[in-house]
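Here is what each chain is made of, one letter per residue.
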Number of protein chains: 2
Amino acid sequence: MSRGLDYEVINENVKRVAYAVRGELYLRASELQKEGKKIIFTNVGNPHALGQKPLTFPRQVVALCQAPFLLDDPHVGMMFPSDAIERARHYLSLTSGGLGAYSDSRGLPGIRKEVAEFIERRDGYPSDPELIYLTDGASKGVMQMLNTIIRNDKDGILVPVPQYPLYSAAISLFGGSLVPYHLEETANWGLDINNLRQSLNEARMNGITVRAMVIINPGNPTGQCLSEANIREILKFCYQQKLVLLADEVYQQNIYQDERPFISSRKILLGMGPPFSKEVQLVSFHTVSKGYWGECGQRGGYFEMTNIPLKTVDEIYKVASISLSPNVPGQIFLGLMVNPPKPGDISYSKFVTESKAILDSLRKRAHIMTNGFNSCRNVVCNFTEGAMYSFPQIKLPPKAIEAAKKAGKVPDVFYCLKLLEATGISTVPGSGFGQKEGVFHLRTTILPAEEDMPAIMDSFKKFNDEFMEQYDDKKGYSRM
Amino acid sequence: MSRGLDYEVINENVKRVAYAVRGELYLRASELQKEGKKIIFTNVGNPHALGQKPLTFPRQVVALCQAPFLLDDPHVGMMFPSDAIERARHYLSLTSGGLGAYSDSRGLPGIRKEVAEFIERRDGYPSDPELIYLTDGASKGVMQMLNTIIRNDKDGILVPVPQYPLYSAAISLFGGSLVPYHLEETANWGLDINNLRQSLNEARMNGITVRAMVIINPGNPTGQCLSEANIREILKFCYQQKLVLLADEVYQQNIYQDERPFISSRKILLGMGPPFSKEVQLVSFHTVSKGYWGECGQRGGYFEMTNIPLKTVDEIYKVASISLSPNVPGQIFLGLMVNPPKPGDISYSKFVTESKAILDSLRKRAHIMTNGFNSCRNVVCNFTEGAMYSFPQIKLPPKAIEAAKKAGKVPDVFYCLKLLEATGISTVPGSGFGQKEGVFHLRTTILPAEEDMPAIMDSFKKFNDEFMEQYDDKKGYSRM
């Protein structure tokens, strides 16, 4: 008889979970790092780990909130600007017991109000703080919504492919079915509504009740920005098919072109008027981990619910209560993100300078990376319009695929492992996100420091040249 | 056809969850507070919310980690002691990217090492950092372990009754079966191994595969400290029955008597030698939210695994990876808790003075509260040996039970609601924790400020007198 935590008898859904972002490649990279090799961790969107400095103002405010006794120190004005001091007092006034006390399980009411005001400014429609729940990062919110929706393996969730594997992992964990819809690489990773309809119909023919649809806008790992017309089509589709739309909008501040600005799903939905605006169930997610903040380690996020019945909202509240409250410092970061310094504030110009420098540099890096990949043999890459990733297709020659098979590896895992060993660049194989049969990619973040970028791309090119030299007989292997 | 988040069609396990700590009483208390009534929130162990001041040293260190630019400020020495500065540098050296970077999903290796050293000092046996996972509070760890163990509703978990409802809630959420074993109120909430065996056998006869057992030591809500002999019996039982022991030891620093000090389950297990020490699967949980820290809002915790196969440990790692990493400031609080200032450090004496004042006062409050309850008509209460709660039995007269029925309320909910309306004291009815048929309790924390305690107990007594006056015909209603 097995003991309760023997591998053979643990929850099969746990075993079924795959999570490539921290999978085989990451584990091998960690090993190599321990052995003293210099690793460039571009496997996860973790800007501070690659040298991005935190914005000063929010850190000043949270430091003061952590050490409220500093507010009474006569020297405080020598180390902190007065608007940071004032803002720290403001956030402390929203808590009862400071950062050491559990908040309401939905988050501090005062911060949820700040989020609602931000959403109203962004979208032009009022937002209700009672329908905004703060979370320990956006992932926790996504997991909570999927757990609420999924009942069994006949419940399906439409997920883009390629996708951020949070979705596939969470759907496995909760025992549901992932219903993939393919993004079109040749159309700049666009979403074709006919594809979507076909995926839905196929799933239904297989006895799946499709209950929700995920969009990631801007895309992860694919970097595209959805157009207003496209989102409108999606919302109509969700209305017709009675699907909850889960809108992962965590990269809404990460936009690197001017043609297609970010527009929230909610703004478009409410602009469509009834019946859509009154009927489509929408949950949208945001975080302090991305944007120009990159405060991943603080674990702050929120989700906002539209057209969700109050009885369901109450159930979500109840389940959130089990783990008492999201971390309070992360909530304050979120408040600061949605309510940053304003013109006229002492810290305003510094804040704007710092933010702009980060975003401008990310834009440059997006270009350097895309161009770098496109200059490599057998590599093609769409431009990163938004988010933090580059997702080049690697046209692996048959000999490489064969060598991978011999090594017992998926071909793109084989390629990425060799890349890691040769250069220290830690990426995630495309198979971790899903891709069409016989097509291979890798995902890398665009986050290495701007000054390191040329050397990294040179190192990649050199590796890729040697790899192709070894495995590619056809010198003129065609571009897509 | 319903939409995906319509109440009728959401996950039934979500609906089945009950979580009384933030249930009807809490919601009513929040309403009353909004209406301007002064509420004493004793429903949840949230010390800072009731005025407990944070310990200075850890807050200094974390503030410096949040604002590392302060370390270069020439004035830093005027506001921070040198050991706090040094410690902040230490923790920053353990991260790559400071508090804004995701850590490894198990937590920062350097802090897991500090935890392992703490456990070794505490127990006298070495501990392996690779088997220690940091979490956003202990609850998240408990939920992760239960999710790993539970496969379906035929999997049972032995849980003490009364219990902290995290366990019942999480078991419902993951679709398992709670197998209750009763603690003996007349034996100071002791655990009788024959009771335990009987519960196990009954469950097995009903087709349940019992896979794990929970103990809460010191007890929540019951406040008892388990004896060494008792824990040894439990471990033998788990060995014989092949049960995982989930040891909730979050109150290990909260001890208010000298007869029965806290001894960890792990220390006893390893002291028992083979086969026990090599076979019994044990997971123990700890947190920064309790003890004299009370840093609930920071969400820092850990679990340590003993005798869990490596393949299962890897699965747990994989699932932890989905939400990327526990919050990093909370990890640093945990590091500070397990590695506090030492004799000779500049901050040592202040740290000890602050800690001792909190623990001494909690000990006094435990007495004031127990004595207060025992001086009330129809109320009996075991002494709070440890943890943070008082769990008096309220002997509700038949007329009160009848009145409750008429009002459509469970009798102890009826009593607690009336208490709340009359006095502003927000408690949790015993039915939220489980209790024997026909017996009624309430749980209150012992956390109101020491100076407020006499007035609160007076106010309780006055309410209870009036309540009993109204509903109790038998003047001499017998004590237990």
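From a predicted model like this one, the values you see are computed outputs, not experimental measurements.

A separate point is the packing of aromatic side chains. Inspection of every chain in the model, using the stated rule, returns 35 aromatic pairs over all chains. Between Tyr292 of chain B and Phe351 of chain B, the aromatic rings sit 6.4 Å apart at their centres with planes inclined by 70°, giving edge-to-face as the arrangement. Here Tyr292 of chain B, found in the loop between strand S7 (282-287) and strand S8 (301-306), pairs with Phe351 of chain B, found in helix H15 (residues 348-374); they are 59 residues apart in sequence, far enough to count as distant. Across this residue pair, the class does not change: Tyr292 of chain B and Phe351 of chain B are buried. Here a set of aromatic residues connected by ring pairs shows up, and it is made of Phe414, Tyr415, Phe463, Phe467 and Tyr471 of chain A. Its end group placed over the ring of Tyr7 of chain A, Lys15 of chain A keeps NZ or CZ at 4.5 Å from the ring centre. For Arg106 of chain B, the ring lying beneath its charged end belongs to Tyr317 of chain B, and the centroid distance is 4.0 Å.

Further remarks concern the domain arrangement of chain A. Residue and element names in this part refer to chain A. Partitioning chain A into domains gives domain 1 (7-38 + 352-471) and domain 2 (98-338). Here domain 1 and domain 2 have C-alpha centroids that lie 26 Å from each other. Across the contact, 35 residues belong to domain 1 and 35 residues belong to domain 2. Interface area, domain 1 with domain 2, both sides summed: about 2900 Å², of which 55% is carbon and sulfur. Among the residues domain 1 hides against domain 2, the three largest losses belong to Arg363, Asn382 and Glu385. Together they make up 24% of the total. Joining domain 1 to domain 2, the criterion identifies three salt bridges. Put simply, domain 1 and domain 2 have 16 residue pairs in polar contact (both at pLDDT 80 or more) between them. Residue assignment for the side of domain 1 that touches domain 2 shows that the elements contributing at least two residues are helix H1 (12-16), helix H15 (348-374) and strand S10 (389-390). When residues in the side of domain 1 that touches domain 2 are grouped by element, the largest group, seven residues, is from H15. Considered class by class, the residues forming the side of domain 1 that touches domain 2 number 18 nonpolar, 12 polar and five charged.

We now examine the interface of chain A and chain B. Facing the 100 residues of chain A at the interface are 101 residues of chain B. A combined buried area of about 8400 Å² lies between chain A and chain B, and 59% of that area is made up of carbon and sulfur atoms. Inspection of the chain A/chain B interface yields four salt bridges. Joining chain A to chain B, the criterion identifies 50 residue pairs in polar contact (both at pLDDT 80 or more). No other element matches helix H13 (residues 310-322) of chain A, which puts eight residues into the side of chain A that touches chain B. Looking at the side of chain A that touches chain B residue by residue, the class counts come to 47 nonpolar, 30 polar and 23 charged.

So, on to the UniProt feature "domain: Aminotransferase class I/classII large" (unreviewed entry) in chain A. Mapped onto this structure's residue numbering, the UniProt feature "domain: Aminotransferase class I/classII large" (unreviewed entry) falls at residues 82-448 of chain A. Taken end to end, residues 82-448 of chain A has its terminal C-alpha atoms 34 Å apart, with 44% of it in helix and 15% in strand.

Attention shifts here to the pattern of salt bridges. Residues and elements named next belong to chain A. Tallying each qualifying case throughout the model produces 54 salt bridges over all chains. Of the charged contacts, one joins Lys364 and Glu450 as a salt bridge, the two residues approaching to 3.5 Å between their closest N and O atoms. You can see Lys364 sitting in helix H15 and its partner Glu450 sitting in the loop between strand S14 (442-445) and helix H18 (453-471), a full 86 residues away along the chain. A single salt-bridge network, built from bridges that share partners, covers Arg122, Asp123, Arg266 and Glu304.

This part takes up the nonpolar core. Met213 of chain A together with Met213 of chain B are the most contacted members of the largest nonpolar core, which has 326 residues in total. Contacts of Met213 of chain B, omitting those with residues within four sequence positions, involve Leu158, Tyr181, Leu191, Leu196, Ile234, Phe237, Cys238, Leu243, Val244, Leu245 and Leu246 of chain B.

Bringing the side chain of Asn46 of chain B into the picture now. Turning to its location among the elements, Asn46 of chain B is positioned in the loop between strand S1 (40-41) and helix H3 (56-66). Of the residues examined, Asn46 of chain B reaches a relative accessible area of 6% and is grouped as buried. The residues contacting Asn46 of chain B, other than those within four sequence positions of it, are Gly100, Ala101 and Tyr102 of chain A together with Cys296 and Leu447 of chain B.

Another point: the pairing of strand S7 (residues 282-287) of chain A. Look at any regular strand and the pattern is simple: side chains alternate between the two faces of the sheet. Residue and element names in this part refer to chain A. With six of six residues buried, S7 is to be regarded as a mostly interior element. Residues Leu282, Ser284 and His286 line one face of S7 and the alternating positions Val283, Phe285 and Thr287 line the opposite face, and both faces are buried. Two elements, strand S6 (residues 244-248) and S7, share four bridges in a ladder whose sense is parallel. Paired with Ala247 across the bridge in S7 is Ser284.

Overlaying chain A on chain B yields an RMSD of 0.0 Å, the required transformation being a rotation through 180° with an accompanying axial translation of 0.0 Å. Taken together, the turn and the small shift mark the pair as related by a two-fold rotation axis. Among all residues of chain A, the minimum C-alpha distance to the rotation axis is found for Ala63 of chain A, at 2.1 Å. Both copies share a contact surface, since 100% of the interface residues of chain A are interface residues in chain B too.

This brings us to the sheet that holds strand S6 (residues 244-248) of chain B. All names here are of chain B. Read across the sheet, seven strands follow the order S2-S8-S7-S6-S5-S3-S4 without closing on themselves; strand pairing throughout is mixed. The open sheet has two edge strands, strand S2 (132-135) and strand S4 (177-182), and neither has a second partner. Sheet twist, expressed as the average angle between the axes of neighbouring strands with direction ignored, equals 20°. Two elements, S2 and S8, share four bridges in a ladder whose sense is antiparallel. Within the sheet, the bridge partner assigned to Thr135 lies in S8 and is Gly301.

Glancing now at helix H10 (residues 228-241) of chain A. Three or four residues apart is the spacing at which side chains of an α-helix point the same way, because the helix has 3.6 residues per turn. Residue and element names in this part refer to chain A. Over its 14 residues, H10 extends 20 Å from the first C-alpha to the last, a length consistent with the 20 Å expected when each residue adds 1.5 Å. Those residues of H10 that fall on the buried side of the exposure criterion are Asn230, Ile231, Ile234, Leu235, Phe237, Cys238 and Gln241. Angularly, the buried residues of H10 cover 160° about the axis, an arc narrow enough to put them on a single face. Packing partners of the buried residues in H10 comprise strand S3 (155-161), helix H9 (193-205), strand S5 (209-216), S6 and helix H11 (265-272). Of the residues trailing H10, Lys242 is marked for its positive phi of about 55°.

Residue and element names in this part refer to chain A. Here H9 contains 13 residues, and its C-alpha end-to-end distance of 18 Å stays within 8% of the 18 Å for a straight helix at 1.5 Å per residue. For H9, the complete set of buried residues consists of Ile193, Leu196, Ser199, Leu200 and Ala203. Taken end-on, H9 shows its buried residues confined to a sector of 120°, consistent with a single buried face. Seen from the open side of H9, the exposed residues pointing more than 90 degrees away from its buried face are Asn194 and Met205. Residues of H9 that are buried make contact with S3, strand S4 (177-182), S5 and H10. Looking one or two residues past H9, Gly207 carries a phi angle of roughly 85°, positive in sign.

Glancing now at the environment of Gln163 of chain A. Residues and elements named next belong to chain A. Counting through the fold element by element, Gln163 comes out in the loop between S3 and helix H8 (166-173). Between the C-alpha atom of Gln163 and that of Leu183, which follows or precedes it by 20 residues, the distance is 9.3 Å. Residues within four places of Gln163 in sequence aside, it is in contact with Ser168, Asn220, Pro221, Gly432 and Phe433.

Analysis parameters
- Residues numbered from 1 in each chain as written.
- Chains lettered and ligands numbered in written order.
- Predicted model: local features only at pLDDT ≥ 70, side-chain atom pairs only at ≥ 80, totals over all residues.
- Heavy atoms only, no water.
- Phe/Tyr/Trp six-rings, centres within 6.5 Å; stacked < 30°, edge-to-face > 60°.
- Helix = DSSP H or I, 4+ residues; strand = E, 2+ residues; numbered from the N terminus.
- Buried < 20%, exposed > 50% of the residue type's maximum accessible area, 1.4 Å probe, protein only.
- Lys NZ or Arg CZ within 6 Å of the ring centre and 35° of its normal.
- Domains from an automatic or database assignment.
- Contact = heavy atoms within 4.5 Å.
- Buried area = accessible area lost by both parts, 1.4 Å probe.
- Salt bridge = Lys/Arg side-chain N within 4 Å of Asp/Glu carboxyl O.
- Polar contact = N/O pair within 3.5 Å; in protein donor to acceptor, adjacent residues only side chain to side chain.
- Nonpolar A, V, L, I, M, F, W, Y, C, P; charged D, E, K, R; others polar.
- UniProt positions renumbered as here; feature names shortened; annotations may be inferred.
- Core = buried A, V, L, I, M, F, W, Y, C linked by side-chain atoms within 4.5 Å.
- Pairing = 2+ DSSP bridges.
- Least-squares fit on C-alpha atoms with pLDDT ≥ 70 in both.
- Axes fitted to C-alpha atoms, helices over the stretch in contact; angles between N-to-C directions.
- Expected span 1.5 Å × (residues − 1).
- Arc of directions from axis to C-beta.

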